[in-house]
Structures are given as structure tokens and as C-alpha cells.
Amino acid sequence: MNGSPAMPTLGSAARALVRRDLRLLWRRRGDALQPALFAILVVVLFALAMGSERELLARAAPGVLWVAVLLSGLLALDTLFRGDAEDGSLEQWRLAPVPLAWLVLVRTLMHWLTTAAPLLLAVPLLAELLYLPRPLWPVMLLALGLGTPLLSLLGAVVSALTVGMRRAGVLLALLALPLYVPVLVFGAGSVAQAAQGHDPAGGLLLLGAGLLLALVLAPVAAATAIRIAAQ
Amino acid sequence: MPQTPNATVPLIDVRGLSFARDDRPVFGPLHFHVERGEALLVQGGNGAGKTTLLRVLAGLLDGERGHVSLDGAPAGPAARAGRLAYLGHLPGLKADLSALENLEYLCGLLGRRPSLELEEALAIVGLAGYEDAAARTLSAGQRKRLSLARMWLSPAPLWLLDEPYANLDLPGIELVNRMVRAHLDEGGGALVTTHGAYAAPPVRTRLLELDDGAAA
């Protein structure tokens, strides 16, 4: 047995949480692929519905890809804290001698890694389905790489706000969508800019700035929301 | 005020603590303290506020009035860290993880005594042989025993036990009493809620009776 210290530090508490999440992911590996499968489904159906007009599909590709990724993220959002709220894990998180915001951040990043990261791996396949020109792939991946963690962090706040409710599905979507729109606009916009031969740096930098801001603020806001929800 | 020789400051000192939900008083004002080597038995019927009291003391509920100090320091996140271990109605176990994995995760989060192995703790609570059983396959009583193993591993001196006897068979009740006694012998303290149907642990015990908002 590894001798964990008497008092957990930020690092050891995070390690315990990461190990737990990876084990749970492995036990329910079928569920873990759902968001990626959902996004693939949306894109495939879209490609089929639009017919075989290459130019039309290529023009719509950035928007379609982003919407598919965003909706699949929304689908997975409810699982972020709900299980931990229902079995009392969140109570023990609050009693842990490390800040709740830190545990929320670790949990959110793990959630991103297990739901959004597999999706990023599928992006080349999806881009090919939609005839997205190859030179745009790096911009697309970079925009998604910056945008999806931002979506996860924003989603964590909304998810924490609704964690006290029994059925939060629709409310969750209604609360999250306004926060998601700017990410969608800048994310899909930067790819569209690059498609027209412009420099996509503006949109990407804004996404990066948003991500940095959310990394600092979102866990604190989500932790506060969790505390309020448990009253 | 009786004092144990090894400590002059009580583990927890509560003065004028009261709590109201939507302007309806739940309990209090209460005055009590728990010293090292002492258990406080909180009794009261259903809805008397026993769970609320423990949740307020653990810091899970805000908005209380009055003064709580732990080891002489005003209760706050810093004062509570590592001093309190809480056993509530929700065990915080993940159904898909095994007993041992659950214990490892909770101890990683909450801290543990380095002197004791996880497997030993499981054996003490009578779960030897169930190390690899998923928590979903355990009975309610076995899950309670798993939570007791977590308490036993906790380095915190003050235990807050909310209905620790619920779901347990007679040997289980005896186990809780034995664990509380051993914990108190090591200089710890405990608050134990019960609705009065079970025998109290045979230790230095004081009684706090909660009765629909009025304390005796």
C-alpha cells in the first residue's frame, strides 16, 4: 500500500480524485464514449441531409462541428456533479482539508479529459466527412482545444448551480447556452476567418483569454454554488 | 468543570448555538462542550434537529447563531481541517468502486492515520474478504461498516456520528461502541446522535436532549 500522508495536500487530494475518476471511467467505459458518439452522429446525419455538395458542406463545416461538440458537451454536463451530490461525495469534499474550489477544478478537468478529449481525437474524421479543407484543420483543432475546456469550466458553474435540483436537464441547457454562445461565436468564427484567408489569431486569443479567466474564476464560483445548493 | 489531565482546552466548545430554517427555529440556543476522552450523546425524536446540529458543527450548514470553537480556535474552514470527521446519512461511496478503492479514495481526500493499513481497518469492521466487492453489492449495514472503517482511519480527534447505529445488527452496534470507546481512550471525543432506542457506548458520556427546538 502506498503510505498517503496523514493530512492530504493539494497534490495528494487531486491524485486520489483522479484515480477514482479513472477507475470509474474504466468501470463504465461504454458511457464514456457517448459524447463522442453523439457528435459523430450529428455530423454524419448533417452530411447525409445536406447531400453531396462539397462547397456547401465545406462552408458549413466549422459551424456544424462546433455545434456538434457543444451539444455533446451539454449532454455530458449533468453527470459532472450529480452522482457526487446524490451519494454524499460532495459532503466529504466539503469536509476535506483542501479547498473545495481545487477539487471542483480537478473534477472538471477530469470530466473534460474523459468527455471532450476523445471528441478532439475524432475531429479529423468528422472534418473529413464535411470536406473541411486540410489547411484549416490546425486552426479548427486549436480553437476546439481552447474552447472545449472553456465550455467545461462554464458548464461546471451551471452544473453546480443546478445540483440541488432533482431534474435539471432543460434548466441546465437554458442556463448554459447563453454562456456557451460567445465561445461558439469566437470558435467557429476563427475557423471561418481562416477559411476566408484572414488571420484567425483574434478569435483564438480571445478564447485563450477566456480560458485563463475561467480557470481562475469558474472553480471558485462553482464551489460557492455547491455550498449554497447544499443548504 | 471537570478536566482531563492531558488537555485544558475542550475539543469543541459551543455557546449559545442556535439555528433557524426559514425563520423557524430548529434547535437552540445550546451550550455544551466535549473534552478529550468524552462522548456527548445527542438524543431526540425524529425532526428534533440532531442531524442539523451535527451538520452545523461540521460546517456543512451555514447561517447559525452563536459561538463554536474547536481546540480554542473559532470554528472556520482552517480550524475544522483535520479536526473533524463526519459520518452522515449519505456515505459518499461510489457504487462502482470496490470497498478498498472507496476507502483509498476517501482517505486520500480526508487524510488518514499512517499507522494503520486500509485492509486492517476493513478487517476491524468485519469486512475482511470484501475488499474487492463493489460497493453496490454490499448491504446497507456493510456500507455503514465501510464508513466506520473510514472514521477509524481518520486522523481527526473529534468524531461527529449521525445515527451510527442505523442499519447495523447487534454485533455492529457493539462494534460502534467498541470503536467509540477506543477512540476516546486515545484522547479523542465524539458526538453521537441517536433517537434513544439503543444502548449508549459504555464511556464517560453526557447527554444532550433535543426536543423540538428546546434543549434540556
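Residues numbered from 1 in each chain as written. Chains lettered and ligands numbered in written order. Predicted model: local features only at pLDDT ≥ 70, side-chain atom pairs only at ≥ 80, totals over all residues.

## Things to note about the overall build of chain A
Okay, so step 1: In terms of regular secondary structure, chain A is built from 11 helices and 0 strands.
Okay, so step 2: The C-alpha radius of gyration of chain A comes to 19 Å, within 12% of the 17 Å expected for a compact globule of 231 residues.
Okay, so step 3: Along the three orthogonal principal directions, the C-alpha set of chain A runs to about 60 × 40 × 35 Å.
Okay, so step 4: With 231 residues in all, chain A has 44% of them scored as buried. (Helix = DSSP H or I, 4+ residues; strand = E, 2+ residues; numbered from the N terminus. Rg over C-alpha atoms; globule rule 2.2 N^0.38 Å. Buried ≥ 20, exposed ≤ 12 C-beta atoms within 10 Å, placed from the backbone.)

## A few points about the interface of chain A and chain B
Okay, so step 1: In this assembly, 29 residues from chain A lie in contact with 30 residues from chain B.
Okay, so step 2: Counting residues per element, the side of chain A that touches chain B draws most heavily on helix 1 (residues 10-27) of chain A, which supplies 10 residues.
Okay, so step 3: Per-class residue counts for the side of chain A that touches chain B are 13 nonpolar, 7 polar and 9 charged. (Contact = placed C-beta atoms within 7 Å. Nonpolar A, V, L, I, M, F, W, Y, C, P; charged D, E, K, R; others polar.)

## Here we look at the environment of Val-44 of chain A
Residues and elements named next belong to chain A.
Okay, so step 1: Mapping Val-44 onto the fold places it in helix 3 (residues 34-49).
Okay, so step 2: Among the residues examined, Val-44 registers 15 C-beta atoms within 10 Å and is labelled partly exposed.
Okay, so step 3: Along the chain, Val-44 and Leu-129 lie 85 residues apart, while their C-alpha atoms are 7.2 Å from each other.

## Details of helix 8 (residues 117-129) of chain A
All names here are of chain A.
Okay, so step 1: For helix 8, built from 13 residues, the straight-helix expectation of 18 Å at 1.5 Å per residue is met to within 8% by its first-to-last C-alpha distance of 19 Å.
Okay, so step 2: Of all the bends in helix 8, the greatest, near 40 degrees, is centred on Val-123, and the proline Pro-124 appears no more than four residues after it.
Okay, so step 3: Within helix 8, the full set of buried residues consists of Leu-119, Val-123, Leu-126 and Ala-127.
Okay, so step 4: Against the buried residues of helix 8 lie helix 3, helix 4 (54-77) and helix 9 (137-161). (Expected span 1.5 Å × (residues − 1). Bend = angle between axes of the 7 residues up to and from the residue.)

## Focus: the confidence of the model for chain B
Okay, so step 1: Across chain B, the average pLDDT comes to 86, with 90% of residues at or above 70.
Okay, so step 2: Segment residues 1-6 of chain B is flagged for pLDDT under 50; beyond a separation of four residues in sequence, or across chains, it makes 7 contacts in the model. (pLDDT = per-residue confidence, 0-100.)

## As for the domain arrangement of chain B
One widely used convention gives an interface's size as the accessible area the parts lose upon coming together.
Okay, so step 1: The domains assigned to chain B are domain 1 (1-83 + 174-216) and domain 2 (90-155).
Okay, so step 2: The interface of domain 1 of chain B with domain 2 of chain B comprises 4 residues on the first partner and 6 residues on the second. (Domains from an automatic or database assignment.)

## A closer look at the sheet that holds strand 4 (residues 65-70) of chain B
Residues and elements named next belong to chain B.
Okay, so step 1: Judged by pairing direction, the sheet is antiparallel, and its 4 strands sit side by side in the order 2-1-4-5 without closing on themselves. Among the strands making up the open sheet, the edge pair consists of strand 2 (24-34) and strand 5 (73-74).
Okay, so step 2: In terms of strand pairing, strand 1 (residues 12-21) meets strand 4 through 5 bridges, oriented antiparallel. In the sheet register, Asp-13 faces strand 4, and the bridge partner there is Ser-69. (Pairing = 2+ DSSP bridges.)

## As for the nonpolar core
Okay, so step 1: With 138 residues, the main nonpolar core has Leu-65 and Leu-154 of chain A together with Leu-103, Ala-149 and Leu-160 of chain B as its most contacted residues.
Okay, so step 2: Broken down by element, this core gets its largest block of residues, 14 residues, from helix 9 of chain A.
Okay, so step 3: Taken domain by domain, this core gets at least three of its residues from each of domain 1 (1-83 + 174-216) and domain 2 (90-155) of chain B.
Okay, so step 4: Sequence-distant contacts of Leu-65 of chain A, that is, excluding residues within four places in its chain, are made with Val-43, Val-123, Leu-126, Ala-127, Leu-130 and Met-140 of chain A. (Core = buried A, V, L, I, M, F, W, Y, C linked by C-beta atoms within 7 Å.)

## Considerations on the packing of helix 7 (residues 100-115) of chain A against helix 11 (residues 201-229) of chain A
All names here are of chain A.
Okay, so step 1: Orientation of helix 7 relative to helix 11, taken along the N-to-C sense of each, is 110 degrees, at an axis distance of 8 Å. With respect to their mutual orientation, helix 7 and helix 11 come out roughly perpendicular. For the crossing formed where helix 7 meets helix 11, the hand is right-handed. For the pair helix 7 and helix 11, contact is made by Leu-100, Ala-101, Val-104, Leu-105 and Thr-108 and by Pro-219, Val-220, Ala-222, Ala-223 and Ile-226, respectively.
Okay, so step 2: Taken together, the residues of the contact of helix 7 with helix 11 sort by class into 9 nonpolar, 1 polar and no charged. (Axes fitted to C-alpha atoms, helices over the stretch in contact; angles between N-to-C directions. Parallel < 35°, antiparallel > 145°, perpendicular 65-115°, else oblique. Left-handed = near helix turned anticlockwise from the far one by under 90°.)

## Comments concerning the environment of Leu-211 of chain A
All names here are of chain A.
Okay, so step 1: If you trace the backbone, Leu-211 turns up in helix 11.
Okay, so step 2: It is 25 Å that separates the C-alpha atoms of Leu-211 and Gln-34, two residues lying 177 residues apart in sequence.
Okay, so step 3: Contacts of Leu-211, omitting those with residues within four sequence positions, involve Leu-146, Pro-149 and Leu-150.

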